[in-house]
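Okay, here's what each chain looks like letter by letter:
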Amino acid sequence: MSTYEEARATILSKVAPIGVERVPLMDAVGRILAADFTAPWDIPAWDNSAMDGFAVRAEECAPGTTLKVTSFLPAGVTPGAPLENGCAARIMTGAPIPPGADSVVPHEETHSGEGVVTLLRGCVKGANVRVRGEDVAAGSNAITAGTVIGPPQVSLLASFSAAMVPVYRRPRVAIISTGDELVELGTQPAYGQIINSNILAVAAAVRLCGAEPLLLGIARDTMESHLDLLAEGLKADVLITSAGVSAGDRDLVRSALKKLGVVEEIWKVGVKPGGPMAFGTKEAVPVFSLPGNPVATMITFEEFVRPALLKMLGHGKPFRRRVKGFLSEPVRMKPGTLHFLRVAVTVENGRYLATTAGSQKSGTIKTMLRCNALALLPAERTDFTAGEEVDLHLLDNSLDMES
Ligand code: AMP
Ligand code: MG
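Everything numeric here is computed off the predicted structure, so don't read it as measured data.

**Describing the overall build of the protein**
Then comes step 1: Each helix and strand in the protein was counted, giving seven helices and 28 strands.
Then comes step 2: What you see for the protein is a C-alpha radius of gyration of 31 Å, clearly larger than the 22 Å of a compact globule of 403 residues, by over 25%.
Then comes step 3: With the principal axes as the frame, the protein shows a C-alpha extent of 95 × 50 × 40 Å.
Then comes step 4: Buried residues in the protein amount to 47% of all 403 residues.

**Description of the site of ligand 1**
Then comes step 1: Looking at ligand 1, there are 16 residues lining it, with Glu181, Asn196, Gly244, Gly292 and Asn293 nearest.
Then comes step 2: A distance of 3.1 Å separates an oxygen atom of ligand 1 from a polar backbone atom of Gly292.
Then comes step 3: Protein burial of ligand 1: of its 490 Å² of free accessible surface, 72% is covered by the chains.
Then comes step 4: Taken together, the residues of the shell around ligand 1 sort by class into five nonpolar, nine polar and two charged.

**Comments concerning the sheet that holds strand S6 (residues 87-91)**
Then comes step 1: The sheet built from six strands is open, its strands ordered S7-S4-S6-S5-S9-S8 with mixed pairing. Each edge of the open sheet carries a strand with a single partner, namely strand S7 (103-106) and strand S8 (110-112). For this sheet, the mean inter-axis angle between neighbouring strands, taken without regard to orientation, is 40°.
Then comes step 2: When strand S4 (residues 53-56) meets S7, the two strands line up antiparallel, connected through four bridges.

**Details of the pairing of strand S24 (residues 338-348)**
Then comes step 1: Most of S24 sits inside the fold, with eight of its eleven residues counted as buried.
Then comes step 2: Looking at chain direction, strand S19 (residues 271-272) and S24 are connected through two bridges and run parallel. Looking across to S24, one finds that Val271 is bridged to Leu338.
Then comes step 3: Relative to strand S26 (residues 373-377), S24 runs antiparallel, the two being bridged by five bridges. Bridging across to S26, Arg342 finds its partner in Leu374.
Then comes step 4: The sheet contact formed by S24 and strand S25 (residues 351-356) spans six bridges and is antiparallel.

**Brief notes about the nonpolar core**
Side chains of nonpolar character tend, in soluble globular proteins, to be buried together.
Then comes step 1: Ranked by size, the top nonpolar core spans 43 residues in total, and within it Val206, Ile240, Phe288, Phe301 and Leu309 carry the most contacts.
Then comes step 2: Listed by contribution, the elements that provide at least two residues to this core are helix H1 (4-13), strand S13 (172-178), helix H3 (197-209), strand S17 (238-242), strand S21 (285-290), helix H6 (294-312), S24 and S26.
Then comes step 3: Considering each element in turn, this core owes the most residues, nine residues, to H6.
Then comes step 4: Those residues in contact with Phe301, other than ones at most four positions away along the chain, are Val202, Ala205, Val206, Cys209, Ile240, Leu290, Arg306, Pro307 and Leu309.
Then comes step 5: Among the nonpolar cores identified, the runner-up in size contains 17 residues, and Leu25, Leu33, Ile43 and Ile149 belong to it.

**Concerning the side chain of Thr65**
Then comes step 1: With respect to the element layout, Thr65 can be found in the loop between S4 and strand S5 (66-73).
Then comes step 2: Looking at Thr65, its side chain comes within polar contact range of the main-chain oxygen of Ala62, at 2.6 Å.
Then comes step 3: Apart from residues no more than four positions distant in its own chain, Thr65 is found in contact with Glu60, Val117, Thr118 and Leu119.

**Concerning helix H2 (residues 151-159)**
Then comes step 1: Turning to H2, its buried residues number three or more, namely Gln153, Val154, Leu156 and Leu157. Burial along H2 is one-sided: seen end-on, the buried residues are contained in an arc of 165°. Exposed residues lying more than 90 degrees from the buried face of H2 are Pro151 and Pro152.
Then comes step 2: Among the structural elements, strand S2 (37-38), strand S11 (141-143) and strand S12 (164-168) are those in contact with the buried residues of H2.
Then comes step 3: Backbone geometry just after H2 places Ser161 at a positive phi near 60°.

**Some details on the pairing of S5**
Then comes step 1: Pairing geometry for S5 and strand S9 (residues 116-119), over three bridges, is antiparallel. Looking across to S9, one finds that Lys68 is bridged to Val116.
Then comes step 2: The pairing of S5 with S6 spans five bridges and is classified as parallel. Along S6, the bridge assignment pairs Leu73 with Ile91.

**Comments concerning the pattern of salt bridges**
Then comes step 1: This model, assessed by the stated rule, comprises 15 salt bridges.
Then comes step 2: For Arg121, the salt bridge is made with Glu109, and the minimal N-O distance between the two is 3.3 Å. Remark: Glu109 occurs in the loop between S7 and S8 and Arg121 occurs in the loop between S9 and strand S10 (129-130); sequence separation between them is twelve residues.
Then comes step 3: The residue Glu388 makes a salt bridge to Arg381 at a minimum N-O spacing of 2.6 Å.
Then comes step 4: When its relative accessible area of 16% is taken as the criterion, Glu388 is described as buried.

**Remarks on the domain arrangement of the protein**
Then comes step 1: Entries for the protein in the domain assignment read domain 1 (4-16 + 170-312), domain 2 (22-43 + 147-168), domain 3 (48-130) and domain 4 (322-400).
Then comes step 2: The distance between the C-alpha centroids of domain 3 and domain 4 comes to 62 Å.

**Thoughts on the packing of aromatic side chains**
Then comes step 1: One pass over the full model with this rule turns up five aromatic pairs.
Then comes step 2: Between Tyr4 and Phe304, the ring centres sit 5.8 Å apart and the planes meet at 75°, which makes this aromatic pair edge-to-face. Taken as a pair, Tyr4 in helix H1 and Phe304 in helix H6 lie far apart in primary sequence, 300 residues in all. Taken as a pair, Tyr4 and Phe304 share a single burial class, namely buried.
Then comes step 3: Between the aromatic rings of Tyr4 and Phe340, the centroid separation amounts to 5.6 Å while the plane-to-plane angle is 75°, which identifies the pairing as edge-to-face. Placement of the pair is Tyr4 in helix H1 and Phe340 in strand S24, with a sequence separation of 336 residues.
Then comes step 4: Residue classification places Phe340 among the buried residues on the basis of a relative accessible area of 2%.
Then comes step 5: The side chain of Arg254 reaches across the aromatic face of Trp267, ending 3.5 Å from its centre.

Reading the values: the criteria
Sequence positions are assigned chain by chain, starting from 1 and proceeding in written order. Whichever chain is written first is A, and whichever ligand is written first is 1; the rest continue in order. A pLDDT threshold of at least 70 governs which residues receive local features in this predicted model, and a stricter bar of 80 or more applies before side-chain atom pairs are shown or counted, although totals over entire chains, interfaces and linings include all residues. Think of the side-chain values as coming from all heavy atoms in the structure, minus any hydrogens and water. Only DSSP runs of H or I with at least four residues qualify as helices, and only runs of E with at least two residues qualify as strands; both kinds are numbered from the N terminus onward. Radius of gyration: C-alpha atoms only; globule rule: 2.2 Å multiplied by the number of residues to the exponent 0.38. Buried residues are those whose accessible area, probed at 1.4 Å on protein chains only, stays under 20% of the maximum for their type, while exposed residues exceed 50% and partly exposed ones sit between those limits. To be near a molecule or strand, a residue needs just one of its heavy atoms within 4 Å of it. Between N or O atoms, a polar contact is any pair within 3.5 Å; within protein, one atom must be a potential hydrogen donor and the other a potential acceptor, and residues adjacent in sequence are included only when both atoms are from side chains. In short, Shrake-Rupley with a 1.4 Å probe defines the accessible areas, and a residue's cover is counted only from the protein chains shown. Classification convention: Asp, Glu, Lys, Arg as charged; Ala, Val, Leu, Ile, Met, Phe, Trp, Tyr, Cys, Pro as nonpolar; all other residues, Gly among them, as polar. Any two strands with at least two DSSP bridges between them are considered paired. Where helices are involved, their axes are fitted lines through C-alpha atoms of the stretch in contact, as for all axes, and angles between N-to-C directions lie from 0 to 180°. Among buried residues, the Ala, Val, Leu, Ile, Met, Phe, Trp, Tyr and Cys ones that are joined through side-chain atoms within 4.5 Å form a nonpolar core. The contact criterion used throughout is that any non-hydrogen atoms of two residues lie within 4.5 Å. Directions drawn from the helix axis to the C-beta atoms are what define this arc. Salt-bridge detection follows one rule: a side-chain nitrogen of Lys or Arg within 4 Å of a carboxyl oxygen of Asp or Glu. For every domain, the bounds stem from an assignment made automatically or drawn from a database. Note on aromatic contacts: the rings of Phe and Tyr and the six-membered ring of Trp form a pair at centre separations within 6.5 Å, being stacked when their planes are under 30 degrees apart, edge-to-face when over 60 apart, and tilted otherwise. Remark: a charge is flagged as sitting over a ring if the NZ atom of Lys or the CZ atom of Arg is within 6 Å of the ring centre and within 35 degrees of the ring normal.

In structure tokens form, the structure reads like this:
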């Protein structure tokens, strides 16, 4: 039996990114940059105007000065001759500053006449000029490998004309359910049967990680059926199984995996829900054998599989945000295992307040619907008081949204 920390550390030590591919910029959205991006040129590439106004020499700009307007510079033009003394150039936002000019006086601070402009106020040297390289300097590391590519990264990469982007490959994650009681989605379960919901819940979670789920179906409770399907699953980058991993007569997953050459690294973790889970590897393929109980399946995925998939996807930060919060009510737990208390977190006076999201029985799926965080209650303790500080893992739906 491993502790929670040991299990997480072992699992993460056994997984690594599976490779890099170059994809069109828009296909890189939501994926992880696989190499530091070094700026190939300066941005801005030349000094340019931050305002619509007049490019001037600041030293000639005492309040009330009238300058001759000798050129017009909209964005996109190349300035020709240098600005002569006593002159100003009409300039638009984004246009290059002409040689000789050092500042821009905004339109609002001028009075225009026939071929001339009068400055209502003075001008500080460098005012309203965006200096070459002030945003991103050529040769600097503009985006670090391991960064998720979102709109700001797309904006920057596009600014450098990066049409193809190196990203980590998305692992193909084979998912197999086990059990004679299972029937597939779309059928009406007979007495004693249940729908194979786990394969879909796991697939949903895999997809939200950014990996690619491969639904391989149901292994029946015979060794032959297990061997067939698990062998197929081991051809993927990751294999996840559901159920059949306890010590029951029909729990065949561990022995079947062993026959197929999977080296078991972990069996049983001191957590609840989710204790009877296993983890092993076959060469580079990590194999997660999750418990069948749907809540335990989801929680073990959340705590053990998700960080591993994110690491394989190249994320620099594979863990959920861990924050301190406070229990709103007393909670009693059995001793001996770390408990993941399913809680609904709200923000009260700037503090995270955690209230149990419903029945904590490990079979209660409904509690998962109200749960937006897991409170980690340490194994050594049984009684937790209202107002007590606890560690919380905030889940995807923790952000309070306005309706
Ligand atoms: P087992 O580990 O095979 O004893 O299964 C534990 C519990 O999980 C049983 O109540 C199963 O019916 C349930 N279960 C197993 N597989 C699935 C599945 N694919 N979808 C939903 N529930 C499942
Ligand atoms: Mg079973």
